[in-house]
Amino acid sequence: MVRAAAPQPRSPPGWCRWPSGHIGDAAYEAARERRQAFRVRLAADRGAAGVELWIAPSATGPAPAGLTTTGSSIMCLPWSNAGLPSVSVPAGRAAGGLPLGLQLVGGFGADEDLLHGAAGVERVLNAAGPRHEDGRPDPARRG
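On a predicted model such as this, the values are computed, not experimentally measured, just so you know.

## Describing the overall build of the chain
Of regular secondary structure, the chain possesses 3 helices and 5 strands. Here the chain holds 143 residues, and 18% of them are scored as buried. A separation of at least 24 residues holds for 50% of the contacts in the chain among residues at least 6 apart in sequence. Approximately 10400 Å² of the chain is accessible, and the part contributed by carbon and sulfur atoms is 58%.

Below you can see the structure in the form of structure tokens.
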């Protein structure tokens, strides 16, 4: 049986709902303008550096043990704020065996290019094989 969630109450016209309350149209538009300026700056920086994808850590450390949480999403914040596509690929394991990831970030509207680039990065990482935290090859972690 599938259950639908009850509809959430709507904010009055001219207001946006935020976790801490409401903001008016002017504050919302100012935030949208800052988001656009940030997106433009990231695109310019990426172009100036001559890179197709940003590469960043997926998280501040290895995945948490267990299934109660996926960990902090703080490392996704800049890209999500800018509306840029991102994808994480496995990049090894920490000393305790929990996975580490790399986050790849593409240009605005370039989702397909990002996925193509991510497939290439993943092939390179897989070809390198599993590694210890210090970078040495670890054949015991293969598979």
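## A word on the sheet that holds strand S4 (residues 86-93)
In space, the 3 strands of this open sheet follow the order S3-S5-S4, with antiparallel pairing throughout. Looking at the sheet topology across the chains shown, the edges are occupied by strand S3 (54-57) and S4. Here the average twist between neighbouring strands, direction ignored, is 30°. Two elements, S4 and strand S5 (residues 99-105), share 6 bridges in a ladder whose sense is antiparallel. Looking at S5, one finds that Ser86 is bridged to Val105. Sheet contacts for helix H3 (residues 111-128): S4 and S5; angle to S4, the most-contacted strand, approximately 5°.

Parameters and conventions
- Residues numbered from 1 in each chain as written.
- Predicted model: local features only at pLDDT ≥ 70, side-chain atom pairs only at ≥ 80, totals over all residues.
- Heavy atoms only, no water.
- Helix = DSSP H or I, 4+ residues; strand = E, 2+ residues; numbered from the N terminus.
- Buried < 20%, exposed > 50% of the residue type's maximum accessible area, 1.4 Å probe, protein only.
- Contact = heavy atoms within 4.5 Å.
- Areas by Shrake-Rupley, 256 points an atom, 1.4 Å probe, with all protein chains shown as cover.
- Pairing = 2+ DSSP bridges.
- Axes fitted to C-alpha atoms, helices over the stretch in contact; angles between N-to-C directions.

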